[in-house]
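# Working through the structure, step by step
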Amino acid sequence: MVSHLPGHRNGSPNIGLMGGTFDPIHVGHLVTAEEARQQFDLNSVIFVPAGIPPHKDHETISHPEHRYLMTTLAVMSNPAFIVSRFEIDQHEPTYTIDTVRHFAKDQSPEPNIFFITGADAILEIFTWKDYEELLRLSTFIAVTRPGYSLDHFHETLERNCPQMKQKVHLLEIPALAVSSTHIRDRVALGKTIKYLTPEPVEQYIKKMELYRIQN
Ligand code: NAP
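Cut-off values and rules
Residues numbered from 1 in each chain as written. Predicted model: local features only at pLDDT ≥ 70, side-chain atom pairs only at ≥ 80, totals over all residues. Heavy atoms only, no water. Helix = DSSP H or I, 4+ residues; strand = E, 2+ residues; numbered from the N terminus. Rg over C-alpha atoms; globule rule 2.2 N^0.38 Å. Buried < 20%, exposed > 50% of the residue type's maximum accessible area, 1.4 Å probe, protein only. Contact = heavy atoms within 4.5 Å. Salt bridge = Lys/Arg side-chain N within 4 Å of Asp/Glu carboxyl O. Pairing = 2+ DSSP bridges. Axes fitted to C-alpha atoms, helices over the stretch in contact; angles between N-to-C directions. Phe/Tyr/Trp six-rings, centres within 6.5 Å; stacked < 30°, edge-to-face > 60°. Polar contact = N/O pair within 3.5 Å; in protein donor to acceptor, adjacent residues only side chain to side chain. Arc of directions from axis to C-beta. Parallel < 35°, antiparallel > 145°, perpendicular 65-115°, else oblique. Nonpolar A, V, L, I, M, F, W, Y, C, P; charged D, E, K, R; others polar. Right-handed = clockwise from strand over helix to strand, strands pointing away.

Turning to the overall build of the chain, a few remarks are in order. When helices and strands are counted, the chain shows 8 helices and 6 strands. Seen in sequence order, the chain has helices and strands lined up from the N terminus as β-α-β-α-β-α-β-α-α-β-α-β-α-α. The C-alpha radius of gyration computed for the chain amounts to 17 Å, which stays within 12% of the reference 17 Å derived for 215 residues, consistent with globular compactness. For the chain, the proportion of its 215 residues judged to be buried stands at 49%. Of the contacts made within the chain by residues no fewer than 6 positions apart, 77% connect residues no fewer than 24 positions apart.

Quick look at the structure:
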């Protein structure tokens, strides 16, 4: 499948960049990354916790170091998964184009990049910085939860950014019924989050007293 993708260079490594806030990371993200690794023949998946997202009020997001450490704890047992500090070490708003450029130029031969994130974010790409270059440099894997309307996705893509169609692949992940919002809400209500996130992450949330007060 991968060798037929537009812009794909045969013989170059395939690198997945898993973009998101990861506040906190959970089993849905891990299942997504593993499924993408297998379906798209990725040599590795690099989780890139967002630094200061350009489009968000950062008061309501946990400190980047917490999100980085939880992500690192979560991926420990998978040798194909890596966590990058690239975005969290920028002390200004970060843009996906800068991240993709960084990883595209970082290796020789230049890798085929697959940017993996939620489908709704991908539908907004035409508003992102330098999106035309982004579309040239990367293939996109748009991840959906059960119940997500695929008609809505295709219609919106057709309306807003038809040139993206060749570069976007949908991936439905039943395990994404779990969400970070749901985990934060459960912690705030004193409910268990066991099995919704790897145990070291659960312990970290407890020890650092994260999410005790609902945002
Ligand atoms: P977000 O707030 O973390 O997530 C939005 C939705 O997508 C949530 O439902 C989330 O579920 C889901 N999601 C997030 N990451 C996912 C992943 N890797 N796999 C599966 N589902 C995922 O993220 P966002 O603010 O929409 O941003 C997503 C990515 O796009 C980030 O890497 C961000 O930097 C990038 N972005 C770039 C620009 C730009 O360059 N101008 C603008 C917007 C976004 P959970 O809450 O359960 O994670």
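Overall, the coordinates contain 10 salt bridges when judged by the stated rule. Residues joined in a network through salt bridges with shared partners are Asp-98, Arg-101, Lys-129, Asp-130 and Glu-133.

To continue, consider unusual backbone geometry. With an omega of 0°, the peptide bond running from Asp-23 to Pro-24 counts as cis. Relative to the assigned elements, Pro-24 resides in the loop between strand 1 (14-20) and helix 1 (27-39). With a phi angle near 50°, Asp-130 is a residue other than glycine that sits in the positive phi range. Position of Asp-130 relative to the elements: it lies in the loop between helix 4 (119-122) and helix 5 (131-137).

What follows concerns the sheet that holds strand 1. Taken in spatial order, the 6 strands make up an open sheet running 3-2-1-4-5-6, and their pairing is parallel. Either end of the sheet is taken by a strand with one partner, and the two such strands are strand 3 (81-83) and strand 6 (168-172). Here the average twist between neighbouring strands, direction ignored, is 25°. In this structure, strand 2 (residues 44-49) lies alongside strand 3, joined through 3 bridges in parallel fashion. Among the inter-strand pairings, Phe-47 is bridged to a residue of strand 3, identified as Val-83. Taken strand by strand, helix 3 (residues 96-105) contacts strand 1, strand 2, strand 4 (112-118) and strand 5 (138-144), and its axis lies near 150° from that of strand 4.

Summed over all chains, the structure comprises 5 aromatic pairs. Taken together, a centroid distance of 5.8 Å and an interplanar angle of 50° make the contact between Phe-22 and Phe-47 tilted. Taken as a pair, Phe-22 in the loop between strand 1 and helix 1 and Phe-47 in strand 2 lie far apart in primary sequence, 25 residues in all. With centroids separated by 5.8 Å and ring planes inclined at 50°, the aromatic side chains of Phe-40 and Phe-114 adopt a geometry described as tilted.

Moving on, we get to the side chain of Ser-138. Considering the arrangement of structural elements, one finds Ser-138 in strand 5. At a separation of 3.4 Å, a polar atom in the side chain of Ser-138 contacts the main-chain carbonyl oxygen of Ile-113. A distance of 3.4 Å separates a polar atom in the side chain of Ser-138 from the backbone nitrogen of Phe-115. Once residues lying within four places of it in the same chain are set aside, the contact partners of Ser-138 are Val-100, Ile-113, Phe-114, Phe-115 and Lys-167.

Quick look at helix 3 now. Along helix 3, the residues classified as buried are Thr-96, Ile-97, Thr-99, Val-100, Phe-103 and Ala-104. For helix 3, the angular spread of the buried residues around the axis is 160°, confining them to a single face. In the core, the buried residues of helix 3 are packed alongside strand 1, strand 2, strand 4, helix 5 and strand 5.

Interhelical geometry of helix 2 (residues 64-75) versus helix 8 (residues 199-208) gives an angle of 150° and a closest axis separation of 8 Å. As judged from the angle between their axes, helix 2 and helix 8 are roughly antiparallel. For the pair formed by helix 2 and helix 8, the contact residues are His-66, Leu-69, Met-70, Leu-73 and Ala-74 on the first element and Pro-200, Val-201, Tyr-204, Ile-205 and Met-208 on the second. Partitioned by chemical class, the residues of the contact of helix 2 with helix 8 number 9 nonpolar, 1 polar and no charged.

Counting buried residues along strand 5, 7 of its 7 residues qualify, which places the element largely inside the surrounding structure. Residues Ser-138, Phe-140, Ala-142 and Thr-144 of strand 5 are buried on one face, and the alternating residues Thr-139, Ile-141 and Val-143, pointing to the opposite face, are buried as well. The sheet contact formed by strand 4 and strand 5 spans 6 bridges and is parallel. Across the sheet, residue Phe-115 finds its bridge partner in strand 5, namely Phe-140. When strand 5 meets strand 6, the two strands line up parallel, connected through 5 bridges. Within strand 6, the residue paired with Ile-141 across the bridge is His-169. Crossover handedness for the path strand 5 to helix 6 (residues 150-160) to strand 6: right-handed.

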